[in-house]
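# Inside the fold
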Amino acid sequence: TLVKEVVDDARFECPDARVEYSAPAQVSLRGDAEGLKSAIENVVRNALTYGDRSKPIEVRLDTSPRAATVRVLDRGLGVPEPELGRIFEAFYRTDKSRDHRQDGQGIGLAITARVTQLHGGRVTAKNRAEGGLEIALELPLAHEPRAA
């Protein structure tokens, strides 16, 4: 529900962009809903800012027995390979971002990384073979408490 809300907000705020969403029926996580929403929203906003809006931005929610992974895929320029590990540092911006049409401060992805970490997860970024960037937030699933 939370990821779908972020996608719906992005579609409303950027009607010229095509944001595609796919997910299994239902996934449950334990954590701070506002923090998680902010973490995902930061990644989706970056995809809208740096992606090629003539091509879809994909938001996928995948699950495994232990984790849920939110993947945000765009078709922009990507990030230079040596800088991929640094984009989650506070105030770090790639050279390409300085020439772009936005005025960000370089803290959105740092917030995403911190929120994800505080929830016991991890966030990664990789360039896509077909162009663009994929950012994945992997978060542990909520499990029902075992009876004693």
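To be clear, the structure that these remarks concern was listed above.
Rules used throughout
Residues numbered from 1 in each chain as written. Predicted model: local features only at pLDDT ≥ 70, side-chain atom pairs only at ≥ 80, totals over all residues. Heavy atoms only, no water. Helix = DSSP H or I, 4+ residues; strand = E, 2+ residues; numbered from the N terminus. Buried < 20%, exposed > 50% of the residue type's maximum accessible area, 1.4 Å probe, protein only. Contact = heavy atoms within 4.5 Å. Areas by Shrake-Rupley, 256 points an atom, 1.4 Å probe, with all protein chains shown as cover. Pairing = 2+ DSSP bridges. Axes fitted to C-alpha atoms, helices over the stretch in contact; angles between N-to-C directions. Left-handed = near helix turned anticlockwise from the far one by under 90°. Nonpolar A, V, L, I, M, F, W, Y, C, P; charged D, E, K, R; others polar. Polar contact = N/O pair within 3.5 Å; in protein donor to acceptor, adjacent residues only side chain to side chain. 1 Å grid on protein atoms, 1.4 Å probe; cavity = no way out; pocket = protein on both sides within 12 Å on 5 of 7 lines; lining within 4 Å. Points joined across faces, edges and corners; volume = space filled by probe spheres on them. Expected span 1.5 Å × (residues − 1).

## Quick look at the overall build of the protein chain
Assigned secondary structure in the protein chain consists of 4 helices and 5 strands. Overall, the protein chain shows an N-to-C arrangement of helices and strands of α-β-α-β-β-α-α-β-β. Within the protein chain, the fraction of its 148 residues that count as buried is 41%. Of the contacts formed within the protein chain by residues at least 6 apart in sequence, a portion of 63% connects residues at least 24 apart. Just so you have it, the protein chain exposes about 8,800 Å², and 49% of that area is on carbon and sulfur atoms.

## Structural notes on the sheet that holds strand β4 (residues 122–127)
Taken together, the 5 strands give an open sheet; going across it, the order is β1-β2-β3-β5-β4, and neighbouring strands pair in mixed fashion. Every other strand in the sheet has two partners, leaving β1 (19–22) and β4 as the edge strands with one partner each. The sheet shows a mean angle of 15 degrees between the axes of neighbouring strands, taken without regard to direction. Sitting on the sheet, helix α2 (residues 33–50) is in contact with β1, β2 (57–63), β3 (67–73) and β5 (133–140), with an inclination near 170 degrees to β5.

## Details of the environment of serine 22
For serine 22, the location among the structural elements is in strand β1. Counting along the chain gives 39 residues from serine 22 to leucine 61, while the straight-line C-alpha distance between them is 6.2 Å. Setting aside residues up to four positions removed in sequence, serine 22 forms contacts with Val59, Arg60 and Leu61.

## Quick notes on the packing of α2 against helix α4 (residues 108–118)
Where α2 meets α4, the axes come as close as 8 Å, and the angle between the chain directions of the two elements is 140 degrees. Pair α2 / α4 crosses with left-handed handedness. Of the residues in α4, those touching α2 at Gly35, Leu36, Ser38, Ala39, Asn42, Val43 and Asn46 are Gly108, Leu109, Ile111, Thr112 and Val115. By residue class, the composition of the contact of α2 with α4 is 6 nonpolar, 6 polar and no charged.

## Some details on the side chain of glutamate 58
Position of glutamate 58 relative to the elements: it lies in strand β2. Overall, glutamate 58 belongs to the buried group, its relative accessible area being 13%. Polar contacts involving the side chain of glutamate 58 include one to the side chain of arginine 60, which spans 2.4 Å. Those residues in contact with glutamate 58 that sit more than four places away from it in its chain are Glu20, Arg71, Val72, Leu73, Arg75 and Arg128.

## Re the layout of surface pockets
Each pocket or cavity is described by its volume, and for the second largest pocket that value is around 340 Å³. Forming the boundary of the second largest pocket are 21 residues, of which Thr1, Leu2, Val3, Val27 and Leu29 lie nearest the centre. Broken down by secondary-structure element, the contributors of at least two residues to the lining of the second largest pocket are α1 (2–13), α2 and β3. Split by residue class, the lining of the second largest pocket holds 15 nonpolar, 4 polar and 2 charged.

## Quick notes on α2
With 18 residues, α2 ought to run about 26 Å at 1.5 Å a step, and its terminal C-alpha atoms sit 26 Å apart, in line with that. Where α2 is concerned, the buried positions are Gly35, Leu36, Lys37, Ala39, Ile40, Asn42, Val43, Val44, Ala47 and Leu48. Residues of α2 that are buried make contact with α1, β1, β2, β3, α4 and β5.

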